[in-house]
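# An overview of the molecular structure
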Amino acid sequence: MKRIYVNEKWCLGCHLCEYNCAFANSGSDDMVKALKDIHINPRIRIEENQGISFAVSCRHCTEPLCVKSCITGALSVDNGVIEVDKDKCVGCYTCVMICPYGAIMPGNDGSVIQKCELCTNNSFGEPACVRGCPNKAIVFEER
Amino acid sequence: MNYVIIGNSTAAVGCIEGIRSVDQAGKITVISKEPHHVYSRPLISYLLYGKTTRQRMKYRPDTFYEDNRVTPLLGVTVTGVDYENKKVLLDNGDGVAFDKLLFATGSSPFVPPMAGLEEVENQFSFMKLDDAAALQKVIDQESRVLIVGAGLIGLKCAEGICSKVKQITVVDLAPRILPSILDEAGSEIVQKHIEEQGVKFILSDSVAQFTKNSALLKSGEKLEFDALVVAVGVRPETKLAADIGCKVNKGIVSDIHCATNLDGVYAAGDCSESYDITSGQYRVLALLPNAYMQGEAAGINMAGGEKVYDKAIPMNAIGFFGLHIITAGSYDGEAYVVRTEQTYKKLVSKDNLLKGFILIGDVARAGIYTSLIRERTPLDTVDYELIKEKPQLMAFTASERAVKLGGAKE
């Protein structure tokens, strides 16, 4: 299955992936309208420290601890993609407790979680973070 | 192959999914006293609160049994197991033959003897869907509710009904709330937050005498109530297993394959014990993720696969009235504490390992800490100073990150 992989040597720390993620999942087709004056809450996050930077998003683990631990059954695997059913989620954050990558976070209203679904559930169809990365520091590949 | 699972909650689902990952053909029968499609027990408080519904709180879709070719016998009680003849005996007189058996019997509320308790008409436990439904029926905006027990169950119940009733009083013998997961400072912060929502606590006290609608406390205080919830604790359901010779301590004893001492018999979930790697002791870890992973391991092993469950730790993610708490492990060791107006953080390390943590208020990326505990990562292989500040992958070496994020092989 194709997954997102990170090459931190090529990451510029430009945060474009975060903006593209927030736009792709905004439901809007106008990036300016979607992001203007908004504190973005992207599903991919840059870590940076002393000249090193890299992006972190869901790894879509083959043994997903989040899915096994989810108390509601809101997290499930569909063709290798780990998805969240926001109607079932109650925001208990058991997945936040168990994800070894810190890749699951509260959604915009704080009452349920959000996570990377590889843009399979928005109009992009393929990861917007990867498509917009100017230096190919994140790639979407079969390995 | 005939697989029989006694119980129909998280461990049972883990077992079914585990079996089906190995064996598509074997016959699976699930037997439960409760007449309901599998639902998430911890969601009963969210149901009363109004954050979920009976449909949305189903732990697996309506087609789950059909999709996995499971025969559910719901609303049926197991009266005993005939281990010699490999048969589970039911209250309707039937017997179900098994080759492999899983005890996923869970736990039951522990109600200590309390004088006059039998006079209280409106008394409830708070574990099952039917408990929640029964409680919901008797409460209204004028109700005064007494909850005995300031643990996870009692306090989630308080949150669930807080906006539906007039008054909630929580009484506990212990001097502080949630002692099983929090330290003193943490208990104090969470108690204050819950009190601000109008819940009253009476701690270091207990009920000396009940009448129909009142409780006289040891301290002499008298409380009037319309409904009583007893949430003092739970006890693993071990009798069926013990009766056939399964070794039982507090819970049913099972190994890292989730097998009991009897050939072909397994145990998983709240009825069983796990080896807690943080304390080095076998304990009942009555936690939903633990139940799933034990059940899954049991199922795979029952079906002839190989799966060990050897990373059990106590861990809880819970929230009360918007205040989130994540805790894991045990708290014996060197503590690092940061307290701000809104948040509390405690990390406990010992022997070059992270042993436990408490996060209140800010729980972001807590799983990075949990993973250090589960994987027993030596702290001198990460930048502990950096990770103490906040959970981050930056604290790992570049080559470790290449494995975690870059797809490099270990």
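Here the structure is a predicted model, which is why all the values come from computation and not from measurement.

With that settled, consider the overall build of chain B. In terms of regular secondary structure, chain B is built from 11 helices and 25 strands. Computed over its C-alpha atoms, the radius of gyration of chain B comes to 23 Å, within 12% of the 22 Å expected for a compact globule of 410 residues. Expressed as a percentage of the 410 residues in chain B, the buried residues total 46%. A fraction of 62% describes how many contacts in chain B between residues 6 or more apart in sequence connect residues 24 or more apart.

Along chain A, the regular secondary structure elements total 5 helices and 8 strands. Tracing chain A from N to C terminus, the helices and strands come up as β-α-α-β-β-α-β-β-α-β-β-α-β. The globule rule puts the C-alpha radius of gyration for 143 residues at 15 Å, and the 15 Å found for chain A is close to it. Structurally, chain A occupies a C-alpha span of about 40 × 35 × 30 Å along its principal axes. Counting the 143 residues in chain A, one finds 46% classified as buried.

On to the packing of helix α1 (residues 10–20) of chain B against helix α8 (residues 288–302) of chain B. Residue and element names in this part refer to chain B. Contact pair α1 / α8: the axes reach a minimum separation of 6 Å and the direction vectors enclose 35°. At the point where α1 passes α8, the crossing takes the right-handed sense. Counting all contacts with α1, which are made through Thr10, Ala11, Ala12, Val13, Gly14, Cys15, Ile16, Glu17, Gly18 and Ile19, the residues of α8 involved are Leu288, Ala291, Tyr292, Met293, Gln294, Gly295, Glu296, Ala297, Ala298, Gly299, Ile300 and Met302. Residues of the contact of α1 with α8, tallied by class, amount to 14 nonpolar, 6 polar and 2 charged.

Proteins that are soluble and globular tend to have nonpolar side chains buried together. All names here are of chain B. Counting 167 residues, the largest nonpolar core has Leu102 and Val229 as the members making the most contacts within it. With 8 residues, α8 is the single largest residue contributor to this core. Valine 229 has contacts with Phe124, Phe126, Leu135, Val145, Ile147, Gly154 and Cys157, leaving out every residue within four places of it along the chain.

Turning to the domain arrangement of chain A, a few remarks are in order. Residues and elements named next belong to chain A. Assigned domains within chain A: domain 1 (1–57 + 121–143) and domain 2 (60–115). A separation of 19 Å is found between the C-alpha centroids of domain 1 and domain 2. Listed per partner, the contact involves 7 residues of domain 1 and 9 residues of domain 2. Of the residues that constitute the side of domain 1 that touches domain 2, the class distribution is 2 nonpolar, 3 polar and 2 charged.

Our focus in this paragraph is the sheet that holds strand β14 (residues 214–217) of chain B. All names here are of chain B. Taken in spatial order, the 3 strands make up an open sheet running β13-β14-β15, and their pairing is antiparallel. Only two strands of the sheet have a single neighbouring strand rather than two, namely β13 (207–211) and β15 (222–224). Across the sheet, the mean angle separating the axes of adjacent strands is 20° when strand polarity is ignored. Here β14 pairs with β15 via 3 bridges, running antiparallel. Residue pairing in the sheet places serine 214 in a bridge with glutamate 224 of β15.

Moving on: the domain arrangement of chain B. Note on interface size: it is often stated as the accessible area lost on association of the parts. Residue and element names in this part refer to chain B. Assigned domains of chain B: these are domain 1 (2–108 + 235–302), domain 2 (117–232) and domain 3 (322–404). Each of domain 1 and domain 2 was reduced to a C-alpha centroid, and the two centroids are 30 Å apart. Class assignment of the residues belonging to the side of domain 1 that touches domain 2 gives a composition of 6 nonpolar, 2 polar and 2 charged.

Looking now at the interface of chain A and chain B. Counting residues at the interface gives 29 residues for chain A and 39 residues for chain B. Every element with two or more residues in the side of chain A that touches chain B is listed here: β1 (2–6), β2 (45–49), β3 (52–56), α3 (65–69) and α4 (94–98) of chain A. Broken down by element, the residue count for the side of chain A that touches chain B peaks at 4 residues, all from α4 of chain A. In terms of residue class, the side of chain A that touches chain B is made up of 16 nonpolar, 7 polar and 6 charged.

Parameters at a glance
Residues numbered from 1 in each chain as written. Chains lettered and ligands numbered in written order. Predicted model: local features only at pLDDT ≥ 70, side-chain atom pairs only at ≥ 80, totals over all residues. Helix = DSSP H or I, 4+ residues; strand = E, 2+ residues; numbered from the N terminus. Rg over C-alpha atoms; globule rule 2.2 N^0.38 Å. Buried ≥ 20, exposed ≤ 12 C-beta atoms within 10 Å, placed from the backbone. Contact = placed C-beta atoms within 7 Å. Axes fitted to C-alpha atoms, helices over the stretch in contact; angles between N-to-C directions. Left-handed = near helix turned anticlockwise from the far one by under 90°. Nonpolar A, V, L, I, M, F, W, Y, C, P; charged D, E, K, R; others polar. Core = buried A, V, L, I, M, F, W, Y, C linked by C-beta atoms within 7 Å. Domains from an automatic or database assignment. Pairing = 2+ DSSP bridges.

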